[in-house]
Amino acid sequence: MAEKEVVETSEAQIAVHWQEEKYIYPSTEFIAQANMTDKTIFDRFSLDNFPNCFKEYADMLTWYEYWHTTLDTSDAPCFKWFVGGKINASYNCVDRHLKEYKNKAAIHFVPEPENEKIEHITYQELYARVNEMAALLRDFAGLKRGDRVTLHLPMTAELPITMLACARLGVIHSQVFGGFSGKACADRIVDSGSRVLITIDAYYRGGALLDHKEKADEAVAAAEKDGQKVDKVLVWQRYPGKYSAKTPVKDGRDYFVNDLLKGYYGARVEPERMDAADPLFLMYTSGTTGKPKGCQHSTGGYLAYTAGTSKYVQDIHPTDVYWCMADIGWITGHSYIVYGPLAIAASSVVYEGIPNYPDPGRPWRIAQELDVNIFHTAPTAIRALRKIGPDEPKKYNYHFKHMTTVGEPIEPEVWKWYYEVVGKGEAAIVDTWWQTETGGFLCSTLPALAPMKPGSAGPGVPGIHPIVYDDEGNVVEPGTGKAGNICIQNPWPGAFQTIWGDRDRYVRQYYERYCKNPDSKDWRDWPYMTGDAAVVAADGYVRILGRIDDVINVSGHRLGTKEIESAALVVEEVAEAAVVPVAHEIKGREPDLYVSLKPGYQASAEIEKKVMDAIVSEIGKIAKPRHVWIVPDMPKTRSGKIMRRVLGALSNKQPEGDVTTLANPEIVEQIKEMVTKA
Ligand code: WT7
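It should be emphasised that the depicted structure is a prediction, and the values quoted were computed from it without experimental measurement.

### Some remarks on the packing of helix H6 (residues 123–139) against helix H7 (residues 158–169)
- H7 packs onto H6 with a crossing angle of 60° between their chain directions and a minimal axis gap of 8 Å. On the basis of the axis angle, H6 is oblique to H7. Both H6 and H7 take part in a crossing whose hand is right-handed. The segment H6 lies against H7, with Leu 126, Tyr 127, Arg 129, Val 130, Asn 131, Met 133, Ala 134, Leu 137 and Arg 138 engaging Glu 158, Ile 161, Thr 162, Leu 164, Ala 165, Cys 166, Arg 168 and Leu 169.
- Its residues placed into classes, the contact of H6 with H7 shows 11 nonpolar, 2 polar and 4 charged.

Printed below as a string of structure tokens:
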């Protein structure tokens, strides 16, 4: 066993506690039209029927060749699903729908400016664009099966088109959230070994046309410094034929995709026949230590799992209009805007901008205009819309049959507003708990089969068997009211396969702690540790309390405290840095940053600003702390460890507990005064 990390402040510790809520039942209208109304699904997906139960999801796809082994555990805990199967994700999300749905919208692209036209892209049109882009990537950029390519794209239709073009060739895409900085993009280029970067010149956010190309220049320069040369930067144009960025175009390196595509009109590319276990994409996420981890997702297993859960948990039918308001730069968008929905022939909305632009009625106008009937978002957006536009939804004539919340725990009060006001009391809600690593949902109710309980995600979805362990590895039984570390007893097809280039870290971080026998090839010995704390009620409904590790969930996304601390340490004057989560009305959590300075420096507003700027340029705006507190010294144990627990308590205005054993207890009073005065 690796040395157990001492967690001094965790989200779970500052989690809000609330009473068990009453059940709310879905309407008979919803049940009458739902994709899954058969309770025997839970028997079919019981542990006794594992792993063959997942054939039911794999059969939703079109395979070139069927698999011979459902689950190969010979390299546990790197599990392989549907071994022997040959498949292509692009074919499954596009080509196979042409027969029935050629003229149906695959993607509705909604630009942020309201005076720009919504683009309705049919499956036929998507097929043409994906093929032409695939031809360009193959013939112009020289990309082939197994290569990695980094995408740094915002929410426009070009993003799913580029992803599907990569998938068609078997090229592994690694999409970096558009809001991340050039430096954050560079780290991912280096780690994945990409020699091509695909970006866009500009995009709209909050009413401004942002120059995005400048981030590509930074990324390429920083990556090169770290030893990874990018020889081609492919630049989409927000307005084809017009360059909307200020940064110069570098000859021989930067190319406009829209221009190049003219040479590929009408091109068609035969999809690569991929092995089911070949990687489809990488998605980087924050972990306890240092650099982000590239979660490697498979082709066949991932697609089967996202298709199955899109059908049964999201209740998507080809006739529905489905809008997931997440960003495709996160796993939610990969699984539940692009791959899952398109695999089952959905019409999926891609919205460029922020929810409250130009006013908080915007999402409901989009819903009305497009007849959206399935809506998917995060508590952070719900809180914001509730705060600034509590009466907006009633002004618009839309009707949701189904809504989703994802990314962080939702307060029952916020849940009820979502249900009554946004859903007009008509929509079934699912609270889906999962992670970047898990590819798809872990816990949620099946909307027509189980009642909702505000604030609880619900039981494991079909084929997912959660278990809660205490620190000693004893099982914490449901209904005892005790929290513990929630794990999943069995592998499932949507799970990531490994951390790109770092199998040891994968084993250490997710399996080592509760592994029953490290030499075992039996999946039963390898429960997956999620890193979340949870309580399971007597009815099996899971309530997630938050992260137990050094990761902060800001607006539904994980940020590593170590990443933020290292960004602060880039500033010359800073000697030490400590980040703690603090409760925030809209974002859920927000990082609060404490720094101490090297000898000879005085605290100043200028240094505070330097630290803020460093965080924005190293990671991006999303990581911006609530406050930079320059303290005379950090509260420390006698062995010199920074007491984040104490800082966390002060930031959250909670009692700091016993500090008499600290090396410098007097510092706590000083910091407290500073934090309460502000
Ligand atoms: C962490 C994963 C899954 C896509 C978005 C975030 C928290 C996620 C819920 C939920 C309570 C949730 C967990 C998890 N989380 N969904 N429904 N209820 N907490 O992906 O960035 O990988 O973050 O988000 O703490 O571990 P991610």
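### Some remarks on the pattern of salt bridges
- Taken as a whole and judged by the stated rule, the model has 54 salt bridges.
- For Asp 95, the salt bridge is made with Arg 168, and the minimal N-O distance between the two is 2.7 Å. Placement of Asp 95 in the loop between helix H4 (89–93) and helix H5 (98–101) and of Arg 168 in helix H7 is noted, with a sequence separation of 73 residues between them.
- With relative accessibility at 13%, the residue Asp 95 sits in the buried group.
- Note on Arg 168: relative accessible area 1%, which makes it buried.
- Ionic pairing is found between Lys 387 and Glu 585, a salt bridge with its closest N-O pair at 3.4 Å. Pair noted here: Lys 387 is in helix H14 (residues 379–388) and Glu 585 is in the loop between strand E28 (574–584) and strand E29 (588–597), with a separation of 198 residues, a long-range link.

### Re the packing of aromatic side chains
- Counted by the stated rule, this structure contains 48 aromatic pairs.
- One residue, Arg 188, lies across the ring of Phe 180, its end atom 4.9 Å from the ring centre.
- Between Lys 242 and the ring centre of Tyr 239, over which it is positioned, the NZ or CZ distance is 5.2 Å.

### Looking at unusual backbone geometry
- A cis amide bond links Ala 76 to the next residue, Pro 77, at an omega of 0°.
- Within the secondary structure, Pro 77 is located in the loop between strand E1 (69–72) and strand E2 (80–83).
- Phi is positive for Phe 82, which is not a glycine, with a value near 55°.
- If you trace the backbone, Phe 82 turns up in strand E2.
- What makes Phe 82 buried here is its relative accessible area of 0%.

### A short note on the environment of Cys 324
- By the element assignment, Cys 324 lies in strand E16 (residues 321–324).
- Residue Cys 324 is classed as buried on the basis of its relative accessible area of 1%.
- Those residues within four positions of Cys 324 in sequence are excluded, and the remaining contacts are Thr 332, Tyr 336, Ile 337, Val 349 and His 376.

### Some details on the side chain of Thr 445
- Relative to the elements of secondary structure, Thr 445 occurs in the loop between strand E20 (428–432) and strand E21 (466–469).
- Given the relative accessible area of 4%, Thr 445 is considered buried.
- Not counting residues up to four positions away in its chain, the partners in contact with Thr 445 are Val 313, Ile 429, Val 430, Ala 450, Pro 451, Ala 457, Gly 458, Pro 459 and Tyr 541.

### A look at the nonpolar core
- In terms of nonpolar packing, the biggest core is built from 123 residues, with Phe 54, Leu 126, Ile 198 and Tyr 339 touching the most fellow members.
- A per-element tally of this core places H6 first, with 9 residues.
- When residues no more than four places from it in sequence are discounted, the contact partners of Ile 198 are Met 133, Leu 137, Val 149, Thr 150, Leu 151, His 152, Leu 153, Thr 162, Leu 234 and Trp 236.
- Core analysis: the next-biggest nonpolar cluster, separate from the first, contains 41 residues, Ala 184, Val 579, Val 595 and Ile 607 among them.

About the cut-offs
Residues numbered from 1 in each chain as written. Predicted model: local features only at pLDDT ≥ 70, side-chain atom pairs only at ≥ 80, totals over all residues. Heavy atoms only, no water. Axes fitted to C-alpha atoms, helices over the stretch in contact; angles between N-to-C directions. Helix = DSSP H or I, 4+ residues; strand = E, 2+ residues; numbered from the N terminus. Parallel < 35°, antiparallel > 145°, perpendicular 65-115°, else oblique. Left-handed = near helix turned anticlockwise from the far one by under 90°. Contact = heavy atoms within 4.5 Å. Nonpolar A, V, L, I, M, F, W, Y, C, P; charged D, E, K, R; others polar. Salt bridge = Lys/Arg side-chain N within 4 Å of Asp/Glu carboxyl O. Buried < 20%, exposed > 50% of the residue type's maximum accessible area, 1.4 Å probe, protein only. Phe/Tyr/Trp six-rings, centres within 6.5 Å; stacked < 30°, edge-to-face > 60°. Lys NZ or Arg CZ within 6 Å of the ring centre and 35° of its normal. Core = buried A, V, L, I, M, F, W, Y, C linked by side-chain atoms within 4.5 Å.

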